[in-house]
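Working through the structure, step by step
Here is how the chains run, residue by residue.
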Amino acid sequence: MANQFLKQVVNKNYEYGFVTAIESDALPPGLSEDIVREISRRKNEPEFMLNWRLKAYRHWLTMTPPEWAHLHYSEIDYQSIIYYSAPKSKTDGPKSLDEVDPKLLETYKKLGIPLHEQGKLAGVAVDAVFDSVSVATTFKAKLAEVGVIFCSFSEAVQKYPDLVEKYLGTVVPYRDNFFATLNSAVFSDGSFVYIPKGVRCPMELSTYFRINAANTGQFERTLIIAEEGSYVSYLEGCTAPMRDENQLHAAVVELIALDNAQIKYSTVQNWYPGDEEGRGGIFNFVTKRGACRGAHSKISWTQIETGSAITWKYPSVILQGDHSIGEFYSVALTNNYQQADTGTKMIHIGKNTSSTIISKGISAGFGQNSYRGLVRVAPTAVNARNYTQCDSLLLSSTCGAHTFPYIEVKNSTAQVEHEASTSKIGEDQLFYCRQRGLSAEDAVSMIVNGFCKQVFRELPMEFAVEAQKLLEVSLEGSVG
Amino acid sequence: MLSIENLHASIQDDQKTKAILRGINLIVKPGEVHAIMGPNGSGKSTLANVLAGRDGYDITEGNVHFEGVDLLAITPEERAALGLFLAFQYPVEIPGVNNMYFLKAALNGLRKHRHLEPLDAMDFLKTIRSKIKEVGLDETFLNRAVNEGFSGGEKKRNEILQMLMLEPKLAILDETDSGLDIDALQMVAKGVNSLRNAERSIILVTHYQRLLDYIVPDVVHVMANGQIIKSGDKSLALELEAKGYGWIEGSSS
Ligand SMILES: Nc1ncnc2c1ncn2[C@@H]1O[C@H](COP(=O)(O)OP(=O)(O)OP(=O)(O)O)[C@@H](O)[C@H]1O
Ligand SMILES: [Mg+2]
């Protein structure tokens, strides 16, 4: 049957599972007020940052992890995690690429991420985050010419503390949820982007996250501010070595779009998913939220989620400005024992706001894939519009797809549409392709890619091809 | 070219074994066109599917050789690579997959099996543009998803387009004529006839004599109850048209 063909589908391994042998400078495992203070001290942070971290930490102590998601995992021991780990060679931070440890450059080269400002993806500026710190940011000078700030979060705290203080935590407050609060207390680095008024960012910006050290959590924070009439397209990628233990990744991303500004945020998430038996893999608990503060502003999230043992993630948009637009395009693939509970929240507040949600879930093996989405229309949101389409594709009889749509409409002029479908990959489709001469493997990836088309076409061109390849590789192993 | 010997196939339906093909014997020589007719449910599509390698059938007896190869021992894509093509009775929709991309992947898949270089993109484009005209579809169909939202007749024309592009050695057309208007029927016939040559064989599964006016068969077979119960020349089809199946079914038992 179809499952047999599916079983033959590529048995490629996780390509990014290697470990870089590099000495790291890490804090001891465990979390306490002292650790929080130490992280802040090492980063030489101003007072307001330390205070904010401490408020978050104290609040976190009163919280319990959320249990509502359709996810099963053994309890995380927060005292066994290392909260800060930096490659040792970076003491004061490299002044230029020449000062970056060659081992790190080599690592990123192996991952296909260019840290040299020429070569394959010469039109993309990259901030490379390795474990807890940013090791390099490319094209800074070129971006500075048009006033765009693109740097590590740590650098932003030093150089642009006013901007950081003004916007940090205004979209995702430090009390927001268990994982976001934890992140607020211990986050060690991340990316910072500021696009001045009227500027169209001349290149794609990209952050590449790499977890390397064992037993280390990655807690990064990204803040993107798009001033009036500006535009930026931003892409985030991530990988981690193969390890038998689970590792925690709890990130926060905040986006702010002012009048007529547009932010396009794309993610290709390929954290180590664990092995065929479900051992190891990253626990990915991420809070991503954008605020369309200004009129006619627009925020689009596009995500390709193929990695992680567990994905818990709901990139959302708060539509405050009149005529603002929120979009969410998602492909989530779960194979073997991966679990994903992902979706979005579209919060309509302003008048004539509209949102679009396209979610494509693919489950194989014993994977569990849930879409969870909230569309809320506040009483003020006259003429709000939402369209939601949620499709699931099942590649085995042992996997699961679940849909949890929540709709709260408090304004009678709103129009909210929801469509959902679940299909098994058709034996008919497979046979048809194979009769025409395609191998079973090519047939499956073609059908799956076709299924994801609506989302792939939202990705920046440079990455759409990568995303397709990633999907092929991720369909590895026991399906059946 | 193709030799089928005492082929028996059954399916498992609600834990019960149901025999569908019950001893098919058929020899198709290079260059020949065979028509297979027979009442609904007699097993024509099943035979076509079994030849193309569709899963879900148990072959309980018999064997099939195609170009000297034991056909039943190889995968559907290997059969395709040997030059076997099936135009489906119900062509399948593949949402999101560009029709031209699909054809190109299919063609290059076959070429790879045959240890040939992939076709040059410009040559491919030139060929497909001229072939799509032959089947009477406009070029917008190349950029639509495979069969998605195509009308019944458009799907059949698309099957013929694929056949013309893939240039099989043996083409099995399963009711390609059903649901076609007269113009389309002529176009399909023209397409099939253009492929006809001394090396290429064609099996037409059809209910209607009409098609055989345009594609004149060398042999006509009547299938009933999983067996070929009568074979003859093209006049057999005319006789069937006039008298229906009753007279042979009655006479054979
Ligand atoms: N997967 C299946 N499950 C159950 N029965 C099947 C299956 N496939 C075929 N059959 C049965 O086998 C018999 C032959 O079917 P087949 O489709 O080969 O007939 P056909 O000669 O092509 O008919 P038609 O002229 O209507 O296309 C029918 O009775 C059909 O119901
Ligand atoms: Mg049939």
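Residues numbered from 1 in each chain as written. Chains lettered and ligands numbered in written order. Predicted model: local features only at pLDDT ≥ 70, side-chain atom pairs only at ≥ 80, totals over all residues. Heavy atoms only, no water.

**Comments concerning the overall build of chain B**
Convention followed: A helix here means a DSSP run of H or I that spans at least four residues, while a strand means a run of E at least two residues long, and both kinds are numbered starting from the N terminus. For this measure, only C-alpha atoms enter the radius of gyration; the expected value for a globule follows 2.2 Å times N^0.38, where N is the number of residues. Per-residue accessibility, obtained with a 1.4 Å probe over protein chains only, is compared with the maximum for each type, and a residue is labelled buried under 20%, exposed over 50%, and partly exposed between these values. Contacts were defined at the residue level, with two residues in contact if any of their heavy atoms lie within 4.5 Å. Each accessible area value is a Shrake-Rupley result obtained with a 1.4 Å probe; residue values ignore everything except the protein chains displayed when judging cover. The charged-residue count follows a simple rule in which Lys and Arg add positive charge and Asp and Glu add negative charge, with His and chain termini not counted at all. Lys charges are placed at NZ, Arg charges at CZ, Asp charges at CG and Glu charges at CD.
Per the secondary structure count, chain B includes nine helices and 12 strands. Taken against the 2.2 N^0.38 rule, which gives 18 Å for 253 residues, the C-alpha radius of gyration of chain B at 18 Å falls within 12% of a compact globule. With respect to the principal axes defined by its C-alpha atoms, chain B has extents near 55 × 40 × 40 Å. In chain B, which comprises 253 residues, the proportion classed as buried is 52%. A separation of at least 24 residues holds for 69% of the contacts in chain B among residues at least 6 apart in sequence. When the accessible surface of chain B is split by element, carbon and sulfur atoms take 49% of a total near 11,200 Å². The centroid of the 27 positive side-chain charges in chain B is displaced by 3 Å from the centroid of its 34 negative side-chain charges.

**Some remarks on the site of ligand 1**
All names here are of chain B. Let me state the cut-off plainly: What makes a residue near a molecule or strand is one non-hydrogen atom of that residue sitting within 4 Å of it. Any pair of N or O atoms that falls within 3.5 Å is considered a polar contact. Within protein, one atom must be able to donate a hydrogen and the other to accept it, and sequence-neighbouring residues count only if both atoms are side-chain atoms. As a working rule, the residues Ala, Val, Leu, Ile, Met, Phe, Trp, Tyr, Cys and Pro are called nonpolar, Asp, Glu, Lys and Arg charged, and the rest polar, with Gly in that last group.
Taken together, 15 residues are adjacent to ligand 1, and Gly41, Lys44, Ser45, Thr46 and His207 come closest. A distance of 2.9 Å separates an oxygen atom of ligand 1 from a polar atom in the side chain of Asn40. At a separation of 3.2 Å, an oxygen atom of ligand 1 approaches a polar side-chain atom of Gln89. When ligand 1 sits alone it has 640 Å² of accessible area, and the protein chains cover 65% of it. Mapped by element, the contributors of at least two residues to the shell around ligand 1 are strand S1 (2-13), strand S2 (16-28) and helix H1 (44-52). With three residues, the top contributor of residues to the shell around ligand 1 is H1. Among the residues making up the shell around ligand 1, the classes are represented as three nonpolar, eight polar and four charged.

**Observations regarding helix H9 (residues 427-435) of chain A**
One turn of an α-helix holds 3.6 residues; hence residues three or four places apart share an orientation. Residues and elements named next belong to chain A. Among the nine residues in H9, seven count as buried, and that is most of the element. Among the residues making up H9, those that are buried are Gln429, Leu430, Phe431, Tyr432, Cys433, Arg434 and Gln435. Residue Gly437 follows H9 closely and has a positive phi angle near 110°.

**Some thoughts on the interface of chain A and chain B**
The condition is simple: Summed over both partners, buried area is the accessible surface (1.4 Å probe) that two parts give up on being assembled.
At the interface, 20 residues of chain A touch 35 residues of chain B. Of the roughly 2,100 Å² buried between chain A and chain B, counting both surfaces, carbon and sulfur atoms make up 63%. Looking at the side of chain A facing chain B, the largest losses of area belong to Phe431, Tyr432 and Arg436 of chain A, adding up to 37% of the total buried there. Along the contact surface separating chain A from chain B lie 12 residue pairs in polar contact (both at pLDDT 80 or more).

**Looking at the pairing of strand S10 (residues 201-205) of chain B**
All names here are of chain B. For clarity, the threshold we go by: Two strands qualify as a pair provided DSSP detects at least 2 bridges between them.
Here S10 lies mainly inside the structure; five of its five residues are buried. Here S10 shows two buried faces, one formed by Ser201, Ile203 and Val205 and the other by Ile202 and Leu204. Pairing geometry for strand S3 (residues 33-37) and S10, over four bridges, is parallel. The residue of S10 that forms the bridge with Ala35 is Leu204. Pairing between strand S9 (residues 170-174) and S10: five bridges, direction parallel. Looking across to S10, one finds that Ala171 is bridged to Ile202.

What is shown is where atoms sit, not what they do.
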